[in-house]
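Observations on the three-dimensional arrangement
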Amino acid sequence: MLRAEAIEAGYGGLPVLKGLTFGIERNEAVALIGANGAGKSTLVRALCGLLPLTAGRILQDGREIQRLPAHQRTRHGIAVVLESRHLFGELSVRHNLELAAAHGERHGAARRKFRMDDVIGLFPFLGGRLDASVQLLSGGEQQMVAIARALLLHPELLILDEPSTGLSPKVVREIVGALATLRSAGMSILLVEQNVALAVEAADRAYVMSLGLIVQELDAAAWKGVLDDEALLQAYLGS
Amino acid sequence: MNGTLLLQSVIVGITNGFVYALVGLGIAVVFRGTRIINAMQGEFSLVGGLVAFVVVESLGWPLAVATVAGVLAGGVLGFAMEWLLVRPTRRRGAGEESYLLLTLGVAFAISAAVLYFIGRDTRSLPGIGGEGSAVLFDAAVRYHAMWLVILSSAVMLLLRLFYDRTRIGLSMMAASIDEDGAATIGIDVPLMRSLSFLLGGLVGGLAGVLVSPLITIHYEMGLLLTLKGFAAAILGGLLNPFGAVIGGLTLGLIESLAVLTVSSGYKDVIAMTLLIVIMIFLPNGMLGRGSRKGG
C-alpha cells in the first residue's frame with residue numbers, strides 16, 4: 001500500500017536519506033529499526049510530508065504522493081505519531097482529539113471510521129481526562145492521546161516514531177496492547193523503534209536502517225529470531 | 001478634585017482603554033495565530049479609518065457602509081501582508097526577530113505613504129449615534145463612546161467564542177502551537193497563518209473606524225496606537241485576547257487619572273512607570289499563567 005522508491009532527503013543540503021527503498025503491504029505491521037542517526041525520524045518526516053524529497057518517489061496504492069503537503073496526506077489514509085508527539089499542549093485533550101476528528105470526517109468514506117468512543121475504548125483513561133490540559137498529562141498519557149488523535153483521522157496506515165521512548169514499562173505494555181488490537185482490526189502499521197524487543201512483539205517483519213539506507217530486510221522468520229542475532233544487533237544497533 | 005471630574009476622567013479612561021484594548025486584541029490575535037509580534041497593527045487602524053473617511057466624506061455614503069469598508073480594508077491589508085511578505089520571509093527560514101523588523105518597516109512605509117499622498121492634515125469621522133452626549137451624574141458620555149464600548153465588547157466576546165468553539169478558531173490556535181502536529185492532522189498551517197493576519201486586520205480596521213471620531217486620523221496615528229496596543233496586550237498576556245481588554249482598561253484608567261492628578265504632560269510617564277512595576281511583579285501578565293490558555 002505504501003512504497004518509497006530511491007528517496008533522498010536531508011536538511012540544509014546535507015543528505016540524510018540516500019536513495020532508500022522500502023514498502024509496506026496492506027494489513028501488515030512492519031518495524032523499522034536502526035541506531036541513533038540512521039535517519040529513521042527523517043524517513044518518517046519525509047513519508048508524512050513534513051520534509052520534501054530531493055529525489056525519488058513515494059507511492060500509495062500506486063499513486064504518487066511525494067508532492068502532496070503534509071496536511072493533504074492524511075486524506076490519503078496515512079496518519080503519523082511523531083517522535084515527541086507534537087500535541088497541542090495549551091489545549092485540552094478533548095480539543096486535541098476533536099480537531100483531528102473534525103479533519104478526519106472529510107476522509108475516505110470507505111475506510112474504517114474511528115469515533116471518540118473507539119479511542120476511549122482503546123485507552124480508557126481518556127474518558128476521565130477529556131477536559132484536562134494536555135501539558136498536565138504524563139508522558140505516557142500524552143503518547144496515548146497522540147495515538148488516539150492519529151486514529152481519529154481514520155488511517156489505513158499508522159506510522160509511529162519511537163512510541164516507547166521515555167515511557168514506563170507499564171505504559172509501553174498498554175501501547176503494545178493497543179497496537180495488537182489495531183493489527184487485528186486490519187490496520188497497517190509502520191513502527192519505528194530502537195527498542196527491538198518491543199518491535200518484535202508488535203511487527204510481522206522488519207527493515208534495518210543505517211546511514212540513510214535500508215541495509216537489511218528481515219522476513220517473518222528472521223525477524224522473530226532477531227533478538228538472538230547478536231551480530232546484526234551489534235552491527236546496526238550497537239547493542 | 002470633585003466627584004464629577006473624577007467620574008469624567010474614569011469615563012475617558014474607559015473609552016481610551018477600549019481603544020487600546022481593540023488594538024491590543026488585534027496584536028494578540030496575530031500573535032496567537034502566528035507567534036509573530038505585529039508592529040504594524042496600528043496601521044490596520046490607520047488604513048481602516050482612512051478608507052471609512054473616504055467612503056463617508058468623498059463618496060457621501062452612510063457611516064454603516066463606511067464602517068464595513070474600513071473593517072474590510074484592515075482585513076485585506078492583513079491578509080496581503082501575510083501572503084506577500086510574511087510567507088516568503090518564513091519560507092526562507094526567518095527567525096522571530098525578522099518579523100518584528102518586517103512589520104515595523106511596513107508600518108513606517110505605510111505611515112510615509114499616507115504622509116506623501118494625503119499629507120499632514122488631520123481628518124475625523126462622524127461618531128456613531130451623532131455628536132451628542134448623554135449625561136451621567138453630571139458627567140458627559142458621548143454616544144459614540146458608548147457604541148465603542150458596546151461594539152468592542154461584542155467583538156471580544158465573539159472572538160472568545162470563535163477560538164473556543166469553532167473548528168477554524170481551534171485550528172488557528174493549533175497551527176500556532178505546533179506546526180508539525182497541526183499539519184499531520186490535516187490542518188493547512190500556512191492558510192491558518194493567513195487567516196490570523198486577516199482576523200487581526202479586521203479587528204485593527206474596526207479599531208480605526210471606532211477611534212477616528214475620538215482622535216483624528218493622521219499619518220502618525222498607527223505607530224501611536226501600536227505602542228498603546230502593545231502595552232495593553234502585554235499587560236494582559238499576549239496569548240490571551242481577553243487579557244488585552246484588562247490591559248487596555250488598566251492603561252486607559254491610569255492615563256486619565258494621571259492627567260487628573262498630575263498633568264497631561266506626564267500621563268505617558270506615569271502610565272508606563274506603573275506598567276513596568278506591574279510587569280516586574282506579574283511577568284506573565286495581569287491574568288497570570290492562566291492567561292496563556294484562555295481565549
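Heads up: the structure comes first, above all this text.
Quick look at the structure, then. Here the structure is a predicted model, which means the values were calculated and not measured. (Residues numbered from 1 in each chain as written. Chains lettered and ligands numbered in written order. Predicted model: local features only at pLDDT ≥ 70, side-chain atom pairs only at ≥ 80, totals over all residues. Heavy atoms only, no water.)

1. Focus on the interface of chain B and chain A
Each side of the interface is counted separately: chain B has 21 residues, and chain A has 24 residues. Summing both sides of the interface, chain B and chain A together bury roughly 2000 Å²; the carbon and sulfur share of this comes to 64%. In terms of surface lost to chain A, no three residues of chain B exceed B:R167, B:T184 and B:I185, which account for 33% of the buried area on that side. Between chain B and chain A we count two salt bridges in total. Close ionic contact of A:R45 with B:D180 constitutes a salt bridge, the shortest N to O distance being 2.9 Å. The tally of links between chain B and chain A comes to seven residue pairs in polar contact (both at pLDDT 80 or more). Only α6 (167–177) and α7 (179–183) of chain B provide two or more residues apiece to the side of chain B that touches chain A. Of the residues forming the side of chain B that touches chain A, the biggest block, six residues, is contributed by α6(B). (Contact = heavy atoms within 4.5 Å. Buried area = accessible area lost by both parts, 1.4 Å probe. Salt bridge = Lys/Arg side-chain N within 4 Å of Asp/Glu carboxyl O. Polar contact = N/O pair within 3.5 Å; in protein donor to acceptor, adjacent residues only side chain to side chain. Helix = DSSP H or I, 4+ residues; strand = E, 2+ residues; numbered from the N terminus.)

2. Details of the packing of helix α5 (residues 143–165) of chain B against helix α8 (residues 189–211) of chain B
Residue and element names in this part refer to chain B. Following both chains from N to C, one finds α5 and α8 inclined at 170 degrees, their axes separated by 11 Å at the closest point. Looking at the two axes, α5 sits roughly antiparallel to α8. Together, H144, L148, L151, S152, V155, L159, F162 and Y163 of α5 and L199, V203, L206 and L210 of α8 make up the contact between the two elements. Of the residues assigned to the contact of α5 with α8, the class counts are 10 nonpolar, two polar and no charged. (Axes fitted to C-alpha atoms, helices over the stretch in contact; angles between N-to-C directions. Parallel < 35°, antiparallel > 145°, perpendicular 65-115°, else oblique. Nonpolar A, V, L, I, M, F, W, Y, C, P; charged D, E, K, R; others polar.)

3. Points about the packing of helix α1 (residues 3–34) of chain B against α8(B)
In helix packing, the relevant descriptors are the interaxial angle and the interaxial distance, both defined with respect to the helix axes. Residue and element names in this part refer to chain B. Between α1 and α8, the shortest axis-to-axis distance is 8 Å and the interhelical angle comes to 175 degrees. Relative to α8, α1 is oriented roughly antiparallel. For the pair formed by α1 and α8, the contact residues are V19, L22, V23, L25, G26, V29, V30, G33 and T34 on the first element and R193, S196, F197, L199, G200, V203, A207, L210 and V211 on the second. Tallied by class, residues from the contact of α1 with α8 come to 12 nonpolar, five polar and one charged.

4. Describing the pattern of salt bridges
Should the charged atoms of two oppositely charged side chains come close, the side chains can pair. All names here are of chain A. One pass over the full model with this rule turns up 20 salt bridges over all chains. Its salt-bridge partner being E162, residue K40 comes within 3.8 Å of it at the nearest N-O pair. In this pair, K40 is assigned in helix α1 (residues 40–48) and E162 in the loop between β7 (157–161) and α6 (169–184), connecting sequence segments 122 residues apart. Ionic contacts of the salt-bridge type, sharing partners, join the residues R3, E5, R57, E64 and R67 into one network.

5. Things to note about empty space enclosed by the protein
Using the criterion set out here, one finds two cavities of 30 Å³ or more in the structure. Quantified by volume, the largest cavity comes out at close to 40 Å³. Surrounding the largest cavity, A:C48, A:A70, A:R73, A:T74, A:I78, A:A79, A:V80 and B:T184 form its lining. Looking at the lining of the largest cavity, the elements with two or more residues in it are α2 (70–73) and β6 (78–81) of chain A. In terms of residues, the lining of the largest cavity owes the most to one element, β6(A), which gives three residues. Across the lining of the largest cavity, the residue classes break down as five nonpolar, two polar and one charged. Taken as a whole, the second largest cavity encloses approximately 40 Å³ of empty space. (1 Å grid on protein atoms, 1.4 Å probe; cavity = no way out; pocket = protein on both sides within 12 Å on 5 of 7 lines; lining within 4 Å. Points joined across faces, edges and corners; volume = space filled by probe spheres on them.)

6. Points about unusual backbone geometry
Residues and elements named next belong to chain A. Positive phi values are uncommon outside glycine, yet A6 reaches one of about 50 degrees. Residue placement: A6 occurs in strand β1 (residues 2–11). Although it is not a glycine, H154 sits at a positive phi angle of roughly 55 degrees. As for its placement among the helices and strands, H154 is situated in the loop between α5 (139–151) and β7. Assessed through its relative accessible area of 1%, H154 is described here as buried. (Buried < 20%, exposed > 50% of the residue type's maximum accessible area, 1.4 Å probe, protein only.)

7. Thoughts on the environment of B:S256
Within the secondary structure layout, B:S256 lies in helix α10 (residues 241–261). Here the alpha-carbon distance between B:S256 and B:I11, two residues 245 residues apart in the chain, equals 8.8 Å.

8. Brief notes about a nonpolar patch on the surface
All names here are of chain B. Taken together, the side chains of I276, V277, I280, F281 and L282 present a nonpolar region at the surface, about 520 Å² in accessible area. Along the chain, the position of L282 falls in the segment after α11 (267–281). Assessed through its relative accessible area of 39%, L282 is described here as partly exposed. (Patch = residues over 30% accessible without salt bridge, like charges linked within 9 Å, V, L, I, M, F, W, Y side chains within 5 Å. Areas by Shrake-Rupley, 256 points an atom, 1.4 Å probe, with all protein chains shown as cover.)

9. A closer look at the layout of surface pockets
Residue and element names in this part refer to chain B. Space inside the largest pocket adds up to approximately 660 Å³. Split into classes, the residues belonging to the lining of the largest pocket amount to 11 nonpolar, five polar and nine charged. The computed volume of the second largest pocket comes to approximately 330 Å³. In this structure, the second largest pocket is lined by 16 residues; those nearest its centre are Y20, I215, L224, L225 and K228. Of all elements in the fold, only α1, α9 (221–236) and α11 reach the threshold of two or more residues within the lining of the second largest pocket.

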